[in-house]
Amino acid sequence: MSAIDRVRVQERSLGWHERASERIRQSERVRALFLAGPGGLWLLLFFLLPTAIVFAYSFARRGPYGAVAWAFTLENYARLFDWLYIRVFLMSVWLALLTTVICLVIGYPFAFVIARSPRRWRNALLVLVLIPFWTNFLVRTYAIMLLLRADGLINNALQWLGLIDRPLSLLFTPFAVVLGLVYGYLPFMILPIYASIEKFDFTLVEAAQDLGANAWHVFWRVLLPLTLPGVLAGSILVFIPSVGAFVTPDLLGGGKVVMIANLINQQFLTVRHWPFGSAISFVLMAIVLAATMLYFRIGETRRI
Amino acid sequence: MTMTPTILAIETVCASGMGGMEPLERPIDVELLDVTKVFENGVVAVDRVSLQIYQGEFFSLLGPSGCGKTTTLRMIAGFEHPSAGEVLIEGRRMGHTPPFRRNVNTVFQNYALFPHMTVFDNVAFGLRMKRIPRDEIARRVREALHLVRLSGMEERYPRQLSGGQQQRVALARALVNRPRVLLLDEPLGALDLKLRKEMQLELKHLQMTVGITFIYVTHDQEEALTMSDRIAVMNAGRVLQVGTPMEIYERPASRFVADFIGESNFLRGTVQAASSAAATVVIADRFPVKVPADRQLTVGQQVTVAVRPEKVRLVPIEAPGTNGLLHGRIEEVIYIGTDTFYVVRVSDDTTIRVRSQNDRNRLDGGLLLPVGTPVSLTWATDAARILTE
Amino acid sequence: MSSLATARPATTMRSKRRFSFGWAVLNLNVLLTFIFLYAPIIVMSIFSFNASRQMQVWMGFTLDWYARMIADERVRVAAQNSLVIALVSTIVSTVIGTLTALALERTRFRVKRMYEAAMYLPIIVPEIVMAIALLVFFNLAFTWLDQFFGLKLNFGLGTITIAHIAFSFPFVAVVVRARLADFDRTLEQAAQDLGANEWQTFRHITLPLLMPGIIAGALLAFTLSIDDFVITFFTAGVGSTTLPLEIYGRVRRGITPDVNALSTVMLLASIVLVLGSLLFQRRRSF
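Residues numbered from 1 in each chain as written. Chains lettered and ligands numbered in written order. Predicted model: local features only at pLDDT ≥ 70, side-chain atom pairs only at ≥ 80, totals over all residues.

Trainee: Can you tell me about the overall build of chain B, naming the residues and giving the values?
Mentor: Check the secondary structure of chain B and you find nine helices and 20 strands. Considering only C-alpha atoms, chain B reaches an extent of 80 × 50 × 45 Å along its principal axes. Across the 389 residues of chain B, 41% fall into the buried class. Partitioning the intrachain contacts of chain B with sequence separation of at least 6 by distance along the chain shows that 64% fall at a separation of at least 24. (Helix = DSSP H or I, 4+ residues; strand = E, 2+ residues; numbered from the N terminus. Buried ≥ 20, exposed ≤ 12 C-beta atoms within 10 Å, placed from the backbone. Contact = placed C-beta atoms within 7 Å.)

Trainee: Give me the lowdown on the overall build of chain A, citing residues and values where you can.
Mentor: Broken down by element type, chain A carries twelve helices and two strands. At 28 Å, chain A has a C-alpha radius of gyration far larger than the 19 Å of a compact globule built from 304 residues. Over its C-alpha atoms, taken along the principal directions, chain A stretches across nearly 105 × 70 × 30 Å. Looking at chain A as a whole, 39% of its 304 residues are labelled buried. Long-range contacts, defined as pairs at least 24 residues apart, comprise 72% of the intrachain contacts of chain A with a sequence gap of at least 6. (Rg over C-alpha atoms; globule rule 2.2 N^0.38 Å.)

Trainee: Please set out the interface of chain A and chain C residue by residue, giving values where relevant.
Mentor: Across the boundary between the two partners, chain A contributes 68 residues, which contact 69 residues of chain C. A total of 20 residues in the side of chain A that touches chain C trace back to one element, the largest contributor, which is helix H1 (residues 3-57) of chain A. Its residues assigned to classes, the side of chain A that touches chain C comprises 48 nonpolar, 14 polar and six charged. (Nonpolar A, V, L, I, M, F, W, Y, C, P; charged D, E, K, R; others polar.)

Trainee: Describe the sheet that holds strand E16 (residues 326-335) of chain B, listing the residues and the values that go with them.
Mentor: Hydrogen bonds along the backbone pair up the strands of a sheet, which may run parallel or antiparallel. Residue and element names in this part refer to chain B. Spatial strand order, E15-E19-E16-E17-E18: five strands in an open sheet with antiparallel pairing. The sheet is open, and its two edges are formed by strand E15 (313-316) and strand E18 (350-357), each paired on a single side. Here the average twist between neighbouring strands, direction ignored, is 45 degrees. Direction of pairing for E16 relative to strand E17 (residues 339-347): antiparallel, over a ladder of six bridges. Pairing of Ile334 across the sheet is with Phe341, part of E17. (Pairing = 2+ DSSP bridges. Axes fitted to C-alpha atoms, helices over the stretch in contact; angles between N-to-C directions.)

Trainee: Explain the environment of Pro115(B) to me, and be specific about the residues and the numbers.
Mentor: Residue position: Pro115(B) is located in the loop between strand E6 (104-107) and helix H3 (119-129). In sequence terms Pro115(B) and Arg159(B) are 44 residues apart; their C-alpha atoms lie 7.1 Å from each other.

Trainee: Break down the domain arrangement of chain A for me, citing the residues and quoting the values.
Mentor: Residue and element names in this part refer to chain A. Assigned domains within chain A: domain 1 (3-59) and domain 2 (74-302). Domain 1 and domain 2 are separated by 41 Å when their C-alpha centres are compared. Each partner contributes to the interface: domain 1 provides five residues, whereas domain 2 provides eight residues. Looking at the side of domain 1 that touches domain 2, its residues break down into four nonpolar, one polar and no charged. (Domains from an automatic or database assignment.)

Trainee: Provide a residue-level description of unusual backbone geometry, including the pertinent values.
Mentor: Phi at Tyr111(B) is positive, roughly 70 degrees, even though this residue is not glycine. Tracing the backbone through its elements, the reader meets Tyr111(B) in the loop between E6 and H3.

Trainee: Quick rundown of the sheet that holds strand E11 (residues 265-274) of chain B? Include the residues and the values.
Mentor: Residue and element names in this part refer to chain B. Across the sheet, five strands lie side by side as E13-E12-E11-E14-E20; this open sheet has antiparallel pairing. Sheet topology places strand E13 (287-292) and strand E20 (384-387) at the edges, where each strand pairs with a single neighbour. Within the sheet, the average angular offset between the axes of one strand and its neighbour, ignoring direction, is 45 degrees. For strand E12 (residues 278-283) and E13, the ladder comprises six bridges, and the chain directions are antiparallel. Bridging from a neighbouring strand, Ala279 pairs with Val291 of E13.

Trainee: Any details on the pairing of E6(B)? Residues and values, ideally.
Mentor: Residue and element names in this part refer to chain B. Burial of E6 is two-sided: the residues Val104 and Thr106 facing one way and the residues Asn105 and Val107 facing the other way are all buried. For E6 and strand E7 (residues 181-185), the ladder comprises four bridges, and the chain directions are parallel. Its bridge partner being in E7, Val104 is matched across the sheet by Val181.

Trainee: Hey, could you go over the confidence of the model for chain B for me, with residue numbers and the actual values?
Mentor: Residue and element names in this part refer to chain B. Per-residue confidence for chain B gives a mean pLDDT of 88; residues scoring 70 or more make up 92%. Below a pLDDT of 50 lies the segment residues 1-21, which in the model reaches 21 contacts outside its immediate sequence neighbourhood of four places, other chains included. With a pTM of 0.81, the predicted complex shows an ipTM of 0.85. (pLDDT = per-residue confidence, 0-100.)

Trainee: Describe the UniProt feature "transmembrane region" (unreviewed entry) in chain A, and please don't skip the residues or the numbers.
Mentor: Residue and element names in this part refer to chain A. Those residues carrying the UniProt feature "transmembrane region" (unreviewed entry) are residues 33-60, 84-113, 125-148, 168-197, 218-240 and 276-296 in this numbering. Helix makes up 80% of residues 168-197 and strand makes up 0%, while its end C-alpha atoms are separated by 40 Å. Taken end to end, residues 276-296 has its terminal C-alpha atoms 30 Å apart, with 100% of it in helix and 0% in strand. (UniProt positions renumbered as here; feature names shortened; annotations may be inferred.)

Trainee: Help me get a handle on the UniProt feature "domain: ABC transmembrane type-1" (unreviewed entry) in chain A, residues and values and all.
Mentor: Mapped onto the present numbering, the UniProt feature "domain: ABC transmembrane type-1" (unreviewed entry) falls at residues 89-295 of chain A. Taken end to end, residues 89-295 of chain A is 81% helix and 0% strand, and its two terminal C-alpha atoms sit 20 Å from one another.

Trainee: How would you summarise the nonpolar core if you had to cite specific residues and measurements?
Mentor: It is characteristic of soluble globular proteins that their nonpolar side chains tend to be buried jointly. Counting 252 residues, the largest nonpolar core has Ala111(A), Tyr142(A), Ala172(B), Ile215(B), Ala131(C), Ile132(C) and Leu134(C) as its most contacted members. Per element, the largest residue contribution to this core is 16 residues, and it comes from helix H7 (residues 174-199) of chain A. Split by domain, this core shows at least three residues from each of two domains, domain 1 (3-59) and domain 2 (74-302) of chain A. Look past the residues within four positions of Leu134(C) in its chain and what remains in contact with it is Phe46(A), Pro50(A), Ala163(C), Ile231(C), Phe234(C) and Thr235(C). (Core = buried A, V, L, I, M, F, W, Y, C linked by C-beta atoms within 7 Å.)

Trainee: Outline the pairing of strand E8 (residues 213-218) of chain B, supporting the account with residue identities and numerical values.
Mentor: Residue and element names in this part refer to chain B. Most of E8 sits out of view: six of its six residues are buried. The alternating pattern of E8 places Thr213, Ile215 and Val217 and Phe214, Tyr216 and Thr218 on opposite faces, both of which are buried. Here strand E3 (residues 58-62) runs beside E8; their pairing, made up of five bridges, is parallel. Bridging from a neighbouring strand, Leu61 pairs with Val217 of E8. One ladder, built from five bridges, connects E7 with E8; its direction is parallel. The residue bridging Asp185 from the neighbouring strand is Val217, located in E8.

Trainee: Now, about the packing of helix H11 (residues 260-270) of chain A against helix H5 (residues 127-149) of chain C: what can you tell me, with residues and values included?
Mentor: Between H11(A) and H5(C), the least distance of the axes is 10 Å, while the angle of their chain directions is 15 degrees. Classed by the angle they form, the pair H11(A) and H5(C) counts as roughly parallel. Here H11(A) runs over H5(C); the crossing is left-handed. Only Ile128(C), Ile132(C) and Leu135(C) of H5(C) make contact with H11(A), whose side of the interface consists of Ala261(A), Ile264(A) and Phe268(A). (Parallel < 35°, antiparallel > 145°, perpendicular 65-115°, else oblique. Left-handed = near helix turned anticlockwise from the far one by under 90°.)

Here is the structure:
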């Protein structure tokens, strides 16, 4: 083929290639629409749109009989600055943080032991952790109630052992709520940390020991930094549901421990002040969003 | 450096050893015209590659990792589309035709056997897609398995087979469709050495039996030299040289080819005198050597002369007939069983590696020449080549 | 943990001695945690067989509470509702979730990042937020439909099911997507090389090999639906009940042992589902 012919082949093929590529891109777009469409639509209609409506409501007024009167006002948000409500927010964040820390302290060593067990035991142990994790949350919370009641097992045992004369009121206290939250969300902390430790290269520990590090140094300077992604993931997975918990403070707090979700429930079903409830709901979303962004920020800066 | 079509045609005529038929008359099964592939990240994987692969050839694409050979193969198969240029199969432009409409089949590097199907179902897959009647499928599958010596394994699952057996199932699965061209992407990479050498011969015999065109991708030059009718050496997306194994080895066209295939000594020198077919090059400022050239060089030009270690003869200076081309001293002696390598220093900045066959028992007969021995080196005139980078 | 006295690397003997105390503590932690995790539910299960109404004493083994539970009409209705909702929700979530996973792993489009982030929202956001949003949405939608079309719809099994699908299909998508990400693409290339077009490749190769992941996702969706409380609570309206709602109502009214029986049954059902899901997830693709 002569040089001129070759140039012609090149030119012709370039334009042709571009048109063919465009055709392929179009059919790809159709396919994307077909695959992503159903999920996107469902989410839009039954999640994003509802959330937008709640957002709109938070600026509305409460009409007669609890209906929503369309207006634009910031009074709902302003009302949140009342100490009454601030206290609820603080309490929720505080209890959630407490839960997270306790889960971390219990969960990290737990995950460590499992990750270091012989292989054939590891799967069995994981399954044992997963089983309570998957059983009905309501049922598990109820089971804790049974234990903490005045005539429950713990009080009976303590009385029987002679340690106390009268039953302790364990139920309907912040202690009960935190216990319930830890009980419910501990596996959320254990699993990501386990995944991190499992990937950890333990010859690094040997190298550190060879260089003179003791157990604490090995943990603090080698193991923990490198398993931090798991720790962070577990923390966010525990914190967020805890701060938005409903069932646990409802059953185990019994009205004495009020968290954000209980407040929302109150506003919507009891007091029937929907705009105010919407505002609270949005503040909760803001807290969750802030926590998530914090998580991503920490994750970024610590990227090795 | 791509060879111009004229020279390529001449070389092919000279190299032809196939049953007397003029290679220019043989049908071309696969042709690539200035095929280029640029990926989205800007990497130019294949750069204006033009090839012609004849029917019934065992053609290899040889080159280091990342040279673009696999991408080229995938463009022939249809898994990638060229950014520019044309792929022609049996004379027809393929364009963006998807793989399932091309009359080629591929043997993948990881075999890609369907784990949820038996060996029979794997091999029958292509035939079933073409809706061939059941009894014919059964017959052809059995035939194909017999061809790769796996009869009786029909009901096994891939995970129950060894690596070599899986590889043969992959072969059978491709061949049963009677494609015009078979593409093989480093199929022997996962096998151990002994098995690999066995399979190389088996594949070669298979190809000759079946008569299909094989296009074979490998980074192992020995493999390519063993099996191929012709080889295309690639680097950095370009085809550097196309030729028979002997041509590639004996007359490498560039430094890369001379270095990648086998071993070479690269000697710098200055042209002292030149004609249209040869030049006298002064090596290491001291030794004038006559070297064949493919064109007229200019006096004073700096060139590189390439000569392979096994082509150099080494004789101690005291012995009779020691008028060599160069002389120097032995600097290093490396004994590797079949041969002995001598590293000879001929000047302050030049050493030459010489491969000397151990044709005598070293222990009782010929002793190795000790380090420091002054030696004289010589080689046949056409054993050396002038390279342009 | 005591520190090493010198910088010498610890000898094997010394490290064994030093670490055995640490390991004892760690193992004790594990043991106590397991006890902590299982004790409440085991106690509850045991007392579901207790012949006495009270927790303090054990008055003999009985299946009375279970009998009462089975005979209870409300429980039966609740169980029926739960199952129907779970079945419908599972089927629809699995289909939508699988399509979404395919969209995320196998296609490219401009707003994909946003789409992906949106998909994770139902998983991350606390349930109460979603529950409230749906309550508000349905309420508004029903009012609007009544006003403009005369269509009188109400809260009930339908709204619950829609809500369940909304929060479970992202979970299915995550599970199936994980499976897709690990998928050996050369198998699909081989199928195409052998003459299968895109649909045939999907049908004969991709789908069968993806099936264990899809089933794991389906089991997950089923479990999420059966167990859900918060979102169901706010989208059920009056008159519709599911098993978790039933349990909640009875607990709020006062603890009776038939709640124990019901809870134990739900517990066992969950365990069976979990093990089933795990088995499917671990079943390697051949």
